[in-house]
Amino acid sequence: MQSISHPRLPIDMLRRFRLVSGMAPGLILTSLVIALPIASTAQGQQNIVITRGDSTIVLEPYAPNVMRVTLSLLKDQATAAPGYGITAAPAPDGWTYAEGEGADTYRSSRMVVSLLGGHGHSPAPATKPAEPTNVQKTQTSIGKFFNGSTPWADIRFSTPDGKLLLEMNGWQMSVPNYKDGNAQIVNDKRPTDDPFYQVGASFASPADEHYYGLGQNHEGYLDHRGHPVSCWNNYTAPAGPTWCIPFVVTNKGYGLLWDNPSQTTIEPAFNEQTKWTSQVGSRVSFFVIAGQTTDEIYAGYRLLTGATPLLPKAAYGYIQCKQRYITQDEVMSVAKGYRDRHLPADVLVVDWFYYTKMGEMDLDPKNWPDPKAMNDEVHKMGFQTMISVWPRFVPESRYYDLIQKNGWFEHLADGTPTNGLPYDRAGSDIDTTNPEAAKWYWETIRDNILSKGFDSLWADETEPDLPPNGSYYHIGPGTRYYNVYPLFHTGALYDGFRRDTTHRALILSRDAYLGVQSKGTIVWSSDISATWDAFKRQIPTGLNATASGLAYWSNDTGGWQYLPQVHKPAHPPLLDPSDARDNVGGYDDYPELYTRWFEYATFLPIMRTHGSRNTNEVWSYGKQAEPILEKYLKLRYELMPYIYSLGYSTYQSGAPYMRALFMDFPNDPKVADLKDEYMFGPAFLVAPISDQGATSREVYLPAGADWYNYWTNERVHGGQTITVKGPIDTLPLFVRAGSIVPLGVPVLSTSEPQALAKVRVYPGADSTFTLYQDDGNTYAYEKGTSKITQLHWNNATRKLSHDGATTWPGSLDSLVDVVKTK
């Protein structure tokens, strides 16, 4: 046996001794297993509560394929409801529980959960013991001085036909101590707060298991296997700002949602184990979701944490932003610039420092003399506007004293508002975990900002900006609830939109946590650098973000940070920067970088440009770049019927539509860690060029399908790597054979009715596509007010048919464009 994954060692014991293979069975069990399990025998109850020694284990089903497991040394914590971000209720229908000699089992039509060492298990009859081996003697000696924190528990999850999905083979719940180096963390709690424990669990990791999701990490890999993940909001993380969604999806037919909001470290697949360790908790709590497809796993995540509502249709178009438009005249000039050039765009963004003081909740009349009139005018031009709102308030702002008096700030143990002095003088963060503070914050924004005609909000600094460890929220110590602020903060705004407005909420957030996708939220990848390296790493960063169940991820096209004064590329620039020097300075290859990034952004869930350049519109990067940027901007709007329909599919299913290839090609091992290609919906395979000076790249086309080059219509068999030409105006782009792609007529914004121009079919397989239309602005779709059409392609008859709504004049045949193979 391999004792590094010994089933009866608590996880903290494994860590402490770094055990090696070859240990005999029964290692110091007399000191670790306090009692045999005593199980409830009731059938059909909502959960099963099992006592093992001084620990309590609870099995609680939420669907036939979704099981929650809790383990704790505190029974009231083991039986308590899930934490923040989980909104579903238990659902035991279809589950049956049975006790057995070797294992107790909880079974449904989709999953079997087995707790080893079942209720009927008892020690073997007494016989004359064998002489202990030297290894066993040493283990006994170790047991006199060292022990783990919890009794043994081994829980296995499998399908009814016997396929093993997952095995939990150890757990811990240890008090902070000097041995583990975490004794000082008790200083982050008050005497009245619940005790702190470090909690964790270990799971067996097969050699061919791969791990995806876990929020945002900029280190540049896709498969987390062999890469420790620091799962918490960290603006200063080494490769770029991180945030945590503690949800992992694997290629083994399951996803695991870890129910703990403190700083959590995941160690995937080290020494045949995957370990989760949370800094603070009172229990181990996690959900296992079984799925025959990845989309079925995302349906389980949707069930647990909420649906992804449709955003305003404008959000699926083009969002124009920069740091920053200083005056309303500048905003008007940009709006007119797009319309005068007959270019589509939907959202104009007002970034920070429009106010007179941080937290004043006003617009400086020197620069914004009549923001209501400005918004009225750009609305007539087909634009919506978004404005940045920070949660920070400086002491001299008009609301600071009110917030402090009410105890509504993130604060220290003595009530003093947390601040960032001496280097950060932007004040303190409002505590929107407090329901009264959250309601006041929304109403203050509504009355002072949105009342000026702005349509949507940019919720910046949702980490929060002042890290909460050592500080306190209304709900408790910031160290315990480290990651939850994005959920509460976006929720405060979303709930306000739903309560007080008639249009759909749109909230741009820097950070995320479990359930943020249900708050009308886009999450962007924060303040990234304007470099080729950052661009290259954005691709896997975004794929893991969407794999975390967060469909609406985006980034700052071109990077946010200021450009270096001089940057000399390794290869001659593909675009001449000479007529853009006032914007790019001495960064010779920046127009090339921006153009490549823009091509990629066209196929992101949200297409949004931003950055710290003097100008940042499509005409800002030189005459050679401008027509290429216009080409892709127009392509985004041509694809709008397809893209908006993908948004509806996500609302229905919970599955993202920017998809790492493992989701759609699970039987192709070559895509398990393919980090620079992805699917955009069911049709498009996107392979960005992220190397400076490159005019071609290798593209792997997954097995099991034929593929069409989007630009040439050349048909290629899957299961091979090909070299694809990619001059500066060409994004390597392929379409899966059998795809149905509805295309729209040219429009300047999504506020205009957009008729279908054609329905393009790429023959090669039977397929169905759901075409979706609604008013694009209200929540009437939740009550069924929409137009849904099922388009069906029969490859044998080469005929496109439809069911449901007819949203085009004349016959469907007049719109069909069947691609001819070259």
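Residues numbered from 1 in each chain as written. Predicted model: local features only at pLDDT ≥ 70, side-chain atom pairs only at ≥ 80, totals over all residues. Heavy atoms only, no water.

Asker: I'm lost on the side chain of Arg110 in this one. Help?
Answerer: Turning to its location among the elements, Arg110 is positioned in the loop between strand E6 (103–107) and strand E7 (112–116). A distance of 2.3 Å separates a polar atom in the side chain of Arg110 from a polar atom in the side chain of Glu296. Residues contacting Arg110, with those up to four places away along its chain left out, are Pro64, Asn65, Ser158, Thr159, Pro160, Ala290, Gly291, Gln292 and Glu296. (Helix = DSSP H or I, 4+ residues; strand = E, 2+ residues; numbered from the N terminus. Polar contact = N/O pair within 3.5 Å; in protein donor to acceptor, adjacent residues only side chain to side chain. Contact = heavy atoms within 4.5 Å.)

Asker: What exactly am I supposed to notice about the pattern of salt bridges here?
Answerer: It is possible for side chains bearing opposite charge to pair when their charged atoms get close. Summed over the entire model, instances satisfying the criterion amount to 39 salt bridges. A salt bridge links Asp447 to Arg446, with the shortest nitrogen-to-oxygen separation between them at 2.8 Å. When salt bridges with common partners are traced through the structure, they connect Asp460, Glu461, Glu463, Arg510 and Asp527 into a single cluster. (Salt bridge = Lys/Arg side-chain N within 4 Å of Asp/Glu carboxyl O.)

Asker: For this particular structure, what's the right way to read the pairing of strand E17 (residues 284–290)?
Answerer: With seven of seven residues buried, E17 is to be regarded as a mostly interior element. Because side chains alternate across E17, one face comprises the buried residues Val284, Phe286, Val288 and Ala290, and the other comprises Ser285, Phe287 and Ile289, equally buried. Examined bridge by bridge, strand E4 (residues 66–72) and E17 share six bridges and lie antiparallel to one another. Of the residues in E17, the one forming a bridge with Leu71 is Val284. Sheet topology places strand E14 (residues 254–258) next to E17; five bridges connect them, and they run antiparallel. By the bridge assignment for E17, Tyr254 is matched with Ala290. (Buried < 20%, exposed > 50% of the residue type's maximum accessible area, 1.4 Å probe, protein only. Pairing = 2+ DSSP bridges.)

Asker: Got a minute to help me understand the state of the cysteines in this structure?
Answerer: Evaluation of the coordinates by the stated rule reveals one disulfide. Here Cys231 pairs with Cys244 through a disulfide, and the sulfurs are 2.1 Å apart. Handedness here is read from the sign of the S-S torsion; for Cys231 and Cys244, about 90 degrees, the answer is right-handed. Taken together, the residues span a long stretch of sequence, with Cys231 in strand E12 (residues 229–231) and Cys244 in the loop between E12 and strand E13 (247–250) at a distance of 13 residues. Cys244 matches Cys231 in its accessibility class, with the two residues each being buried. (Disulfide = S-S within 2.5 Å.)

Asker: It is not clear to me how the confidence of the model for the chain should be interpreted in this structure. Could you clarify?
Answerer: One rule of thumb: low pLDDT means the predicted coordinates there are not for detailed reading. Scored by pLDDT, the chain has a mean of 93; 93% of the residues are at 70 or more. Averaged pLDDT values for the elements of the chain fall to 31 in helix H2 (residues 29–32) and rise to 99 in strand E34 (residues 684–686). This stretch, residues 1–11, has a pLDDT under 50; its non-local contacts, to residues over four places away or in other chains, come to 50 contacts. Low pLDDT (under 50) marks residues 13–43, which in the prediction has 92 contacts with non-local residues, meaning those over four places away or in another chain. (pLDDT = per-residue confidence, 0-100.)

Asker: Whenever I open this one, the environment of Val347 confuses me. Can you help?
Answerer: Structurally, the position occupied by Val347 is in strand E19 (residues 347–350). Residues Val347 and Pro309 lie 38 residues apart in sequence; the distance between their C-alpha atoms is 19 Å. Once residues lying within four places of it in the same chain are set aside, the contact partners of Val347 are Ala314, Tyr318, Ile319, Gln320, Phe383, Gln384 and Met386.

Asker: Would you mind going over the sheet that holds strand E40 (residues 740–744) with me for this structure?
Answerer: Two strands in a sheet stick together by hydrogen bonds in their backbones, pointing the same way (parallel) or opposite ways (antiparallel). With respect to topology, three strands assemble into an open sheet ordered E40-E41-E45, the strand pairing being mixed. Only two strands of the sheet have a single partner each, and these edge strands are E40 and strand E45 (816–818). Along the sheet, successive strands turn relative to each other by an average axial angle of 25 degrees, direction set aside. Across the sheet, helix H15 (residues 640–653) touches E40 and strand E41 (756–761), and the angle it forms with E40 is around 120 degrees. (Axes fitted to C-alpha atoms, helices over the stretch in contact; angles between N-to-C directions.)

Asker: Which parts of the structure should I look at to understand the sheet that holds strand E44 (residues 799–804)?
Answerer: Strand order in this open sheet of three strands is E42-E43-E44, and the pairing throughout is antiparallel. What marks the edges here is a single partner per strand, and that holds for strand E42 (767–773) and E44. Pairwise comparison of adjacent strand axes, ignoring direction, gives a mean angle of 25 degrees for this sheet. With six bridges joining them, strand E43 (residues 787–794) and E44 adopt antiparallel strand pairing. Following the sheet pairing, Leu791 is matched in E44 by His802. Across the sheet, H15 lies against E42 and E43, angled at about 90 degrees from E42, the strand it touches most.

Asker: What am I meant to see in the packing of aromatic side chains here?
Answerer: Think of a pair of aromatic rings as described by two things: how far the centres are apart, and how the planes are tilted against each other in angle. Here the structure, examined in full by the defined rule, presents 55 aromatic pairs. With a centroid separation of 6.0 Å and an interplanar angle of 35 degrees, the aromatic rings of Tyr594 and Phe598 are classed as tilted. Placement of both Tyr594 and Phe598 in helix H13 (residues 590–601) is noted, with a separation of four residues, approximately one turn of the helix. A cation over an aromatic ring shows up here: Arg341 above the ring of Trp619, its NZ or CZ 3.8 Å from the ring centre. For Arg498, the ring lying beneath its charged end belongs to Tyr779, and the centroid distance is 3.5 Å. (Phe/Tyr/Trp six-rings, centres within 6.5 Å; stacked < 30°, edge-to-face > 60°. Lys NZ or Arg CZ within 6 Å of the ring centre and 35° of its normal.)

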